[in-house]
Structures are given as structure tokens and as C-alpha cells.
Amino acid sequence: MPRLRISYWCTQGHETPVVFSLLPVDQIPEQWDCVRCGRAAGRTANDLPLPTAFGDQPFKSHLDYVKERRSVAEGEQLLEEALERLRHRRGRPGRR
Ligand SMILES: [Zn+2]
């Protein structure tokens, strides 16, 4: 049985993968409720034309999501460096 796997992206950048049994393209829903936050999510442009109502919004929020994750990683890196400096300071006698 052929299946159709479609990802929907909400404005928060959450991906909602939905698997349909094979449907004509014009019967695929243009929106789906986000599984994480319940907002309306739109389709991506991977293999289907973007619905005009959404413009490039899902793509932008995906980028935002990637940026968000990167800044979290940088934050962890900074924290790690700060802890490292603290350890060095403590390990050095006679210096406060
Ligand atoms: Zn969401």
C-alpha cells in the first residue's frame, strides 16, 4: 500500500510528520494541528508547491528553529567555559 509522508511546520518551527495512505495531491490537507503546541501547521515545499496562504513562513520558522538550537548549543559552550575557569581558579592555591 503506497503511503504519503508529509511534514507540517507550525509557526514555532515544530515538525509534525503525518502519514497518509496515497491521496490525490489536491486532497492532502494544507494545514494540520501541530502535535506539540496545537497551532495550525503548514506544509513544506520539499516535494509539493507551497500553499500560497503560507508563503515562505514554514521555511522561515524552520530556520528560526535551527538558529534557536544553535544558540542553545553556544550557551552550553559558554557555561562550560565558565565552569572550566572556576575549576582552574579553585585549583590554584594562593589565588582568589
Ligand atoms: Zn508547534
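This section reports on the structure supplied with the text. (Residues numbered from 1 in each chain as written. Predicted model: local features only at pLDDT ≥ 70, side-chain atom pairs only at ≥ 80, totals over all residues. Heavy atoms only, no water.)

### Some thoughts on the coordination of the zinc ion
Inference 1: Protein coordination at the zinc ion: the donors are Cys10 (SG), His14 (ND1), Cys34 (SG) and Cys37 (SG), at 2.1 to 2.3 Å from the metal.
Inference 2: For the zinc ion, the 4 donor atoms are set out with angles of 106 to 113 degrees between them, so the coordination reads as tetrahedral.
Inference 3: Mapped onto the sequence, the donors of the zinc ion take the spacing C-x3-H-x19-C-x2-C. Neither cysteine 10 nor histidine 14 differs from the other in exposure class; each is buried. (Donors = N, O, S within 2.8 Å, 3.2 Å for Na, K, Ca; no water. Tetrahedral: all angles 85-135°; square planar, octahedral: opposite > 155°, others 65-115°. Buried < 20%, exposed > 50% of the residue type's maximum accessible area, 1.4 Å probe, protein only.)

### Regarding the pattern of salt bridges
Inference 1: The tally for this structure, following the rule as stated, stands at 2 salt bridges.
Inference 2: The salt bridge partner of arginine 87 is glutamate 80, with a shortest N-O separation of 3.9 Å.
Inference 3: On the basis of relative accessible area, arginine 87 is assigned to the partly exposed category, the value being 44%.
Inference 4: A relative accessible area of 40% means that glutamate 80 is categorised as partly exposed.
Inference 5: Taking the shortest distance from any N to any O, the salt bridge between arginine 87 and glutamate 84 comes out at 2.7 Å. In this pair, arginine 87 and glutamate 84 both sit in helix α1 (residues 57-91), 3 residues apart, roughly one turn of the helix. (Salt bridge = Lys/Arg side-chain N within 4 Å of Asp/Glu carboxyl O. Helix = DSSP H or I, 4+ residues; strand = E, 2+ residues; numbered from the N terminus.)

### Observations regarding the pairing of strand β1 (residues 3-10)
Inference 1: Strand direction decides the pairing type here: β1 and strand β2 (residues 15-21), joined by 7 bridges, are antiparallel. Note that in β2 the partner of arginine 3 across the bridge is serine 21.
Inference 2: Linkage of β1 to β2, two consecutive antiparallel strands, is achieved through a turn of 4 residues, within which glycine 13 is found at a positive phi near 85 degrees.
Inference 3: Note that β1 and strand β4 (residues 40-43) share 3 bridges and pair antiparallel. The residue bridging tyrosine 8 from the neighbouring strand is arginine 43, located in β4. (Pairing = 2+ DSSP bridges.)

### Regarding the side chain of histidine 14
Inference 1: Along the polypeptide, histidine 14 turns up in the loop between β1 and β2.
Inference 2: Ignoring sequence-local partners within four residues, the contact set of histidine 14 consists of Tyr8, Trp9, Cys34, Arg36 and Cys37. (Contact = heavy atoms within 4.5 Å.)

### With respect to the nonpolar core
Inference 1: Within the largest apolar cluster, 8 residues are counted, these being Ile6, Tyr8, Cys10, Val18, Phe20, Ile28, Cys34 and Ala41.
Inference 2: Secondary-structure elements contributing two or more residues to this core are β1 and β2. (Core = buried A, V, L, I, M, F, W, Y, C linked by side-chain atoms within 4.5 Å.)

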